[in-house]
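As a plain string of letters, each chain reads:
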Amino acid sequence: TGSWGIYLPIEHFASAVSFVSMYHGDLSVLIHPNSGRQKIDHLINGLWLHSILRLNGNSYSEND
């Protein structure tokens, strides 16, 4: 599955999530914080729009 990412300043978070929620179409979207702990950010603290896709948790180290 292809993917891409964008980084947003926190002050634009609400408007960006609102926009993506309205216009994602058939795309699944993962929105997650960038705390520096990638495994937790992606697998636990993420918000999925449309369909939840299975992520490979082994691709993130415990220290990320």
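Below, the structure is looked at part by part. On a predicted model such as this, the values are computed, not experimentally measured, just so you know.

It is worth spelling out the overall build of the protein chain at this point. Within the protein chain, the secondary structure is distributed over 2 helices and 2 strands. The 64 residues of the protein chain split such that 17% are buried. For the protein chain, the proportion of contacts with a sequence separation of at least 24, taken over those separated by at least 6, is 26%. Of the roughly 5,400 Å² that the protein chain leaves accessible, carbon and sulfur atoms contribute 54%.

Turning our attention to unusual backbone geometry. You will see that His-50, though not glycine, has its phi angle at about 80 degrees, which is positive. With respect to the secondary-structure elements, His-50 resides in the segment after strand E2 (47-49).

Calculation rules
- Residues numbered from 1 in each chain as written.
- Predicted model: local features only at pLDDT ≥ 70, side-chain atom pairs only at ≥ 80, totals over all residues.
- Heavy atoms only, no water.
- Helix = DSSP H or I, 4+ residues; strand = E, 2+ residues; numbered from the N terminus.
- Buried < 20%, exposed > 50% of the residue type's maximum accessible area, 1.4 Å probe, protein only.
- Contact = heavy atoms within 4.5 Å.
- Areas by Shrake-Rupley, 256 points an atom, 1.4 Å probe, with all protein chains shown as cover.

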